[in-house]
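This is what each chain is made of:
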Amino acid sequence: MSSRRLSLDREGGRERESAYLLCKNGISFCGCFGSDPKDVLVAPRERERERFCSSVGLSLVDFGRRAMEPGRMDVGILAMDIYFPPTCVQQEALEDYDGASKGKYTIGLGQDCMAFCTDLEDVISMSLTVVLSLLEKYQIDPRQIGRLEVGSETVIDKSKSIKTWLMQVFEEYDNTDVEGVDSTNACYGGTAALFNCVNWVESSSWDGRYGLVVCTDSAVYAEGPARPTGGAAAIAMLIGPNAPISFESKFRGTHMAHVYDFYKPNLASEYPVVDGKLSQTCYLMALDSCYKRFCGKFEKIEGKQFSISDANYFVFHSPYNKLVQKSFARLVFNDFLHCPSNLQKEERENLEPFSNMTGEESYQSRELEKVSQQVAKPFYNVKVQPSTLLPKQIGNTYTASLYAALASVVYNKHDTLMGQRIVMFSYGSGLTSTMFSFKLHDGQHPFSLSNIASILNLSEKLKSRHVFSPEKFAETLKLMEHRYGAKDFETSKDTSLLSPGTFYLTKVDSMYRRCYAKKGSEDAPGSKMFSFSSMSMVNGY
C-alpha cells in the first residue's frame, strides 16, 4: 500500500503543492523540484510529472508502476573516485635491495609496484583529497550528502573519527546533518561502511539524500618479509538509487570468527603482528564458508545451483595477487565438489584425487593448490584478471583494496558491463568476511559506467607517479615510524610531487592537533573551493 502526503506553502504569491509517495518498506519512488537544494523527497504533481519522467528516462506508466513497487530502487554505487600517493617503489628493485631471490615479490607475491605515503600524506589528507575530487567531478552539492561512513584500520586518533575531519567540507555548506561514523575491523571496515550506507538508503530512515563511503588506509610493515605487501590509497563511493552498480542484496554470505591472524595490539606502533601462514588459511576458510552461504541463498531464491559461470567477474580483497589467484582456484575446487558436471572431463580428472580431502588437509596441500590454479587459469584470465590492475600497481590498501579492484573492472570493461554480475569477496583479519554481488547497468550521466571510468582515469594516474629508490623508500618509512604518535613537528612542505588539489599535512602542534593545506589554493580545507549548480533531484528520487 502507498499513501500520498500533501503540504501547501506560499511562494511568490502562489500556492505550491508538494507530494511524496510512501510505501510500507519506506520511500519507493520520489524526486524533488524547486530551486532550494535542501528540498528533498518531493515528487512532481501532474503538470511536472512528464518533465520528471523525461529527465530520468521513465515513461508515465513506468513511473506509476515503480512508485507502487516497494524496494525497487536499484540502490548501489552511483559514482567512484580514487586517490593514491604519487610516490611508489618497484617490487623488482625491492627484491634486490632486500637480498631476496629474483621473482620473490613479483612472481611469488604477484606484485609489480607499491604506493606509499611520505611525511606529507596520511589517511586524512587522502580522504579530503578524494572526497572533494568526487564532489567536484560529479558536481554533487555537499548539502545533498545525508550520510558519510568511513572505513579504515589506520589509527590516527583513538577517539576522534576520520569522518569528523571530513565534516569540514560539509560545514562550509551549512550541512551538519550528516549521519555515520568510522567502521573498523582490519580490511573489512570499508565493506561495513558500504553496507551501512546502502541499508540506510533502502530503509524508512532515508531522507532522500546521498550516502558517501570513504575507504582509506596506509598499509606499512616493519622490515622483513611482510613489508612488500604494503600500499596506500583512499577511495570514495557515492551511494543512492538507480545506481549503475546496484546491490543484489538478497545474495549475501557472511562468516565471522575470533582468531589472531593479523592484529595491532601495540598502540605505540602502526606495525601489525602477523601470522602469515595462519592468515592465508583463515582467508581461504572464510572464502569457503561465504561462498557456500552465498550459493545457498542464490539457489533458494533462483531455484538453481550457483557456479562461477553465473558471474561475469570475481573481485577479491587483495593483500597480494598470488592470494587472489589461490582464492579463485578455491572457488573452482568448490564448484567441483558441489557439482562436478560444471567442469570439463579433463578438469574433473585433474581434481578427482583431492575430492576426499578434509577441509584442513585441503588448505595445507601444495599439490591441490597447484592443480586447482592450473584448472582455474583460463577462467581466471577472463573473470578475475581485469580486477588486478590497481592492486598489483599500488599494493595492499587494506579497506580500499577490494574497491580498488572493483574500480579496475569498471575502468577496464565499462563498455561491456551492462547486465553483468560481479561477485565480491571482502575479508578482514580477526576475522570478518562477506561475499556479495552487484548487477551492472549503464546508468545515466553523470552516473554512467562510461563516465565513472573516465573520471577514474587510472592509466594516467598510474603514469604520473614518481618512482622512489628502495633506499629512499626505507628512509621515508623510518621517518614515519619516528613520527608516529608524535607531536609538535612540521612536515617538509615540499609539495613538488603533489598534483594541484591534493591535501597535505603541514604540522602537528603541541596538543596533537593536525593541520592540513591544499596545494594550489590558500584556502583552508573546509573553504568553498568550487561551486555547484542547484541540483533538484537525487538521481531521480
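About the cut-offs
Residues numbered from 1 in each chain as written. Predicted model: local features only at pLDDT ≥ 70, side-chain atom pairs only at ≥ 80, totals over all residues. Heavy atoms only, no water. Helix = DSSP H or I, 4+ residues; strand = E, 2+ residues; numbered from the N terminus. Buried < 20%, exposed > 50% of the residue type's maximum accessible area, 1.4 Å probe, protein only. Contact = heavy atoms within 4.5 Å. Areas by Shrake-Rupley, 256 points an atom, 1.4 Å probe, with all protein chains shown as cover. Salt bridge = Lys/Arg side-chain N within 4 Å of Asp/Glu carboxyl O. Core = buried A, V, L, I, M, F, W, Y, C linked by side-chain atoms within 4.5 Å. Pairing = 2+ DSSP bridges. Axes fitted to C-alpha atoms, helices over the stretch in contact; angles between N-to-C directions. pLDDT = per-residue confidence, 0-100. Polar contact = N/O pair within 3.5 Å; in protein donor to acceptor, adjacent residues only side chain to side chain.

Student: Got a minute to help me understand the overall build of the chain in this structure?
Tutor: Across its full length, the chain holds 17 helices and 21 strands. Split into buried and exposed, the 541 residues of the chain put 57% on the buried side. In the chain, the proportion of contacts linking residues at least 24 apart, taken out of those at least 6 apart, comes to 72%. In the structure as shown, the chain presents an accessible area of about 23,000 Å², 48% of it carried by carbon and sulfur atoms.

Student: Would you explain the pattern of salt bridges in this entry?
Tutor: Oppositely charged side chains can form a pair if their charged atoms are brought close together. Counted according to the given criterion, the structure contains 20 salt bridges. Two residues, glutamate 149 and arginine 147, come together in a salt bridge whose shortest N-O distance is 2.8 Å. This pair shows no difference in class: glutamate 149 is buried, exactly as arginine 147 is. It is possible to trace a salt-bridge network through shared partners that takes in Asp81, Lys137 and Lys461.

Student: Just to check I follow, could you spell out the nonpolar core for this structure?
Tutor: One broad rule of soluble globular proteins: the nonpolar side chains tend to lie buried together. Core analysis: the largest hydrophobic core is formed by 93 residues, its most contacted members being Met80, Leu238, Ile239, Tyr403 and Phe438. With nine residues, the top contributor of residues to this core is helix H5 (residues 123-137). Leaving out residues up to four positions away in the same chain, isoleucine 239 has contacts with Val75, Gly76, Ile77, Leu78, Leu194, Cys197, Val198, Val201, Tyr210, Gly211 and Val213. Membership of the second largest hydrophobic core comes to 51 residues, among which are Val89, Leu109, Leu287 and Met435.

Student: Can you walk me through the sheet that holds strand E13 (residues 313-316) in this structure?
Tutor: Through backbone hydrogen bonds, the strands of a sheet pair up, either in parallel or in antiparallel fashion. Read from one edge of the open sheet, nine strands run E7-E6-E8-E9-E3-E10-E15-E14-E13, paired in mixed fashion. Of all the strands in the sheet, just strand E7 (182-183) and E13 have a single pairing partner and so form its edges. Where helix H6 (residues 162-171) meets the sheet, it contacts strand E6 (145-151), E7 and strand E8 (210-219), and its direction lies at approximately 145° from that of E6. Here helix H9 (residues 321-338) sits on the sheet and contacts E13 and strand E15 (432-440); the angle it forms with E13, its principal contact strand, is near 130°.

Student: I keep staring at the confidence of the model for the chain and nothing clicks. Help me out?
Tutor: Caution is warranted with low-pLDDT regions, since their predicted coordinates should not be read in detail. Here the chain averages 86 in pLDDT, while 83% of its residues score no lower than 70. The model gives residues 522-537 a pLDDT under 50, and that stretch makes 46 contacts with residues more than four places away or in other chains.

Student: Quick question: what am I supposed to make of the sheet that holds strand E4 (residues 87-90) here?
Tutor: On the basis of which strands lie adjacent, the open sheet formed by three strands has the order E5-E4-E18 and mixed pairing. Whereas interior strands pair on both sides, the edge strands pair on one side only; in this sheet they are strand E5 (113-115) and strand E18 (466-467). Here E4 runs beside E5; their pairing, made up of three bridges, is antiparallel. Each bridged residue has a counterpart across the sheet, and for glutamine 90 the counterpart in E5 is cysteine 113. Along the sheet, helix H3 (residues 91-98) contacts E4 and E5; its crossing angle with E4, the most-contacted strand, is approximately 65°.

Student: Just to check I follow, could you spell out the side chain of glutamate 149 for this structure?
Tutor: Mapped onto the fold, glutamate 149 is located in strand E6. Within the structure, the side chain of glutamate 149 is placed 3.4 Å from the side chain of asparagine 196, a separation counted as a polar contact.

Student: Any chance you could explain the side chain of glutamine 373 here in plain terms?
Tutor: As for its placement among the helices and strands, glutamine 373 is situated in helix H12 (residues 366-383). Excluding residues that lie within four positions of it along the chain, glutamine 373 makes contacts with Lys322, Gln325, Lys326 and Ala329.

Student: Would you mind showing me how to read the pairing of E13 here?
Tutor: Regular strands have side chains that alternate between both faces of the sheet. Residues of E13 alternate between two faces, with Tyr313 and Val315 on one and Phe314 and Phe316 on the opposite face, all of them buried. Two strands pair when backbone bridges link them, and E13 and strand E14 (residues 421-428) are joined in this way by four bridges, in the parallel orientation. Bridging from a neighbouring strand, phenylalanine 316 pairs with phenylalanine 425 of E14.

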